[in-house]
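A closer look at the structure
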Amino acid sequence: MTSDPAILVLEDGTRYEGRAYGARGRTLGEAVFATGMTGYQETLTDPSYAGQIVVQTAPHIGNTGLNDEDRESRRIWVAGYVVRDPSRVVSNFRATGSLDAELEETGIVGISGIDTRAVTRRLRDTGSMRAGVFSGADADLSADEQLAIVRQAPSMAGQNLSAQVSVAEPSVTPAQGERIGNLAILDLGIKQSTIDNLAARGFEVHVLPQNVTLEQVLALRPVAAFYSNGPGDPEASDEHVALLRELLDRNLPFFGICFGNQLLGRALGFGTYKLPFGHRGINQPVLDKTTGKVEITAHNHGFAVDAPLDGPVASPNGYGQVEVSHVGLNDQVVEGLRALDIPAFSVQYHPEAAAGPHDANYLFDRFRDMVIAQQQKGA
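I will try to describe carefully the structure that is included in this document. Residue positions within a chain follow its written sequence, with the count starting from 1. Whole-chain, interface and lining totals are the exception, using all residues; otherwise, since this is a predicted model, local features are given only for residues with pLDDT of at least 70 and side-chain atom pairs are given and counted only at 80 or more. To get the side-chain values, all heavy atoms of the structure are used, and hydrogens and water are removed first.

**Here's the deal with the packing of aromatic side chains**
Selection rule: Aromatic rings from Phe, Tyr and Trp, taking only the six-membered ring of Trp, are treated as a pair when their centres fall within 6.5 Å; an angle between ring planes under 30 degrees marks them as stacked, one over 60 as edge-to-face, and anything in between as tilted. Counting from the N terminus, the helices are the DSSP runs of H or I reaching at least four residues and the strands are the DSSP runs of E reaching at least two. For every residue, the accessible area obtained with a 1.4 Å probe (protein chains only) is divided by the maximum for its type, and the residue is called buried under 20%, exposed over 50%, and partly exposed between those limits. Put simply, a charge is over a ring when the Lys NZ or the Arg CZ is close to the ring centre, within 6 Å, and near the line of the ring normal, within 35 degrees.
If you walk through the whole model with that rule in mind, you get 8 aromatic pairs. When the ring of phenylalanine 255 is compared with that of phenylalanine 367, the centres are 5.3 Å apart and the planes differ by 45°; the resulting orientation is tilted. Of this pair, phenylalanine 255 sits in strand β14 (residues 254–257) while phenylalanine 367 sits in helix α10 (residues 362–378), and the two are 112 residues apart along the sequence. Grouping residues by exposure puts phenylalanine 255 and phenylalanine 367 together as buried. Clustering of aromatic rings is evident, with ring pairs tying together Phe203, Phe226, Phe255, Phe345, Phe364 and Phe367. One cation-aromatic arrangement involves lysine 274 over phenylalanine 303; the distance from NZ or CZ to the ring centre is 5.7 Å.

Here it is in structure tokens:
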């Protein structure tokens, strides 16, 4: 392991000195913490983490290395990486390389050897904030210079990051089993596990760039539409909301997850807001109000929908009655929406959950059933 110095600097002036991990240099982003004990490769390759410096609360990272099967997308997306004790060796029969080598090769600046519990407590007390990791020559900058650089970085609020993570060209994944029809997916930062789950339900999955037009979507003759997870502020995605409203106006069945949930909320006429430190990890309890069951779910979001928990209520944009379908039990945050007069619903968390848990995987079946029921109505 390296002894090269590195410093994590938060915008409130808090500093943590440790060792360089991954590439050397300087990186800036929003410091957030992820509470999963497993699945660091899925975390790193989740596009929703674009623009964020991720602090892993689990103390040991890198033990099982990296492999070619567990990637959630085409690359690592985190802006920076903060760990306590990186593994000195890789021990897993599926491993094809080490985490530190991959971070270095892909230019991800990180830091190790600091008390990540202390960083997490700081972020919980003060909220997620801008941060920087400095190593190599940048570690020699004065504390005042480093802090000034951090404070000059843009805030996550107001940022539209969809263009950074979306595909440039459409792609198609064939349906498995009995084919239902074409599914139009707006790629705002989609994960491969989501594509696999939808294809397994009989959808021919068309992953489309985030700047696709209504005409291009309708040309597919889709049986439904889907908005994926992704990074950024939903208030900065008015074009995506406008496209969704066009699809809802045509009574096209819709399912959204994470960022897609926030955009459905805005399409229905509700507001969104930034959470103090967000939900990131694979151990978040959520109540499904439809079944009364509590699910342990995977989360990665820093914004939420502002809608009444007691409902149903009228959609401010004229889409009939809407109810909050799922509620986070830690802080009563809206975790799902269900429209009662049009075929549309969404959840704030990740039912695909490649690193687990799989309590919410049934939602893909609920979507398939809704689409089939809508097809039967039109028959």
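**A word on the nonpolar core**
Cut-off, in case you're wondering: Buried Ala, Val, Leu, Ile, Met, Phe, Trp, Tyr and Cys residues that are joined via side-chain atoms within 4.5 Å together make up what is termed a nonpolar core. Any pair of residues with heavy atoms lying within 4.5 Å of one another is described as a contacting pair.
Ranked by internal contacts, the top residues of the largest apolar core, which has 33 residues, are Tyr227, Leu248, Phe254 and Leu268. Once you skip the residues sitting within four places of it in the chain, leucine 248 turns out to touch Phe254, Leu264, Ala267, Leu268, Tyr319, Ile342 and Ala344. Formed by 25 residues, the second largest nonpolar core is a distinct cluster that contains Ile195, Ala199, Val207 and Val347.

**So, the side chain of asparagine 229**
As a reminder of what qualifies: The definition of a polar contact used here is a pair of N or O atoms within 3.5 Å, where within protein one atom must be able to donate a hydrogen and the other to accept one, and adjacent residues in sequence count solely through side-chain atom pairs.
Structurally, asparagine 229 can be placed in the loop between β13 (224–227) and α8 (238–249). On the basis of relative accessible area, asparagine 229 is assigned to the buried category, the value being 0%. A polar side-chain atom of asparagine 229 sits 2.8 Å from a polar atom in the side chain of serine 48. At 2.8 Å, the side chain of asparagine 229 and the backbone oxygen of glycine 189 are in polar contact.

**Describing the pattern of salt bridges**
Stated formally: When a carboxyl oxygen of Asp or Glu is within 4 Å of a side-chain nitrogen of Lys or Arg, the pair counts as a salt bridge.
The full count for this structure, using the stated rule, is 19 salt bridges. Aspartate 4 is paired through a salt bridge with arginine 24; the nearest N and O atoms lie 3.0 Å apart. On the criterion of sequence distance, the pair formed by aspartate 4 in the segment before β1 (5–10) and arginine 24 in the loop between β2 (15–22) and β3 (26–34) is long-range, its members being 20 residues apart. Exposure remark for arginine 24: the relative accessible area of 36% places this residue in the partly exposed category. As a salt-bridge pair, aspartate 70 and arginine 94 come within 2.6 Å of each other at their nearest N and O atoms. Taken together, the residues aspartate 70 in the loop between β5 (60–61) and β6 (80–82) and arginine 94 in the loop between β7 (85–86) and α2 (99–105) connect sequence positions 24 residues apart. Assessed through its relative accessible area of 29%, arginine 94 is described here as partly exposed. Look at the salt bridges and you will find they share partners, linking Arg201, Asp365, Arg368 and Asp369 into a network.

**Some points on the pairing of β13**
Regular strands show a simple pattern: their side chains alternate between the two faces of the sheet. Filter applied, for reference: Two strands qualify as a pair provided that DSSP identifies no fewer than 2 bridges between them. Every crossover in which the path from the first strand over the helix to the second runs clockwise, viewed with the strands pointing away from the viewer, is termed right-handed.
Here β13 shows two buried faces, one formed by Ala224 and Phe226 and the other by Ala225 and Tyr227. When strand β11 (residues 181–186) meets β13, the two strands line up parallel, connected through 4 bridges. Across the sheet, residue leucine 186 finds its bridge partner in β13, namely tyrosine 227. The pairing of β13 with β14 spans 3 bridges and is classified as parallel. Looking across to β14, one finds that tyrosine 227 is bridged to glycine 256. A crossover links β13 with its parallel partner β14, the connecting element being α8, and its sense is right-handed.

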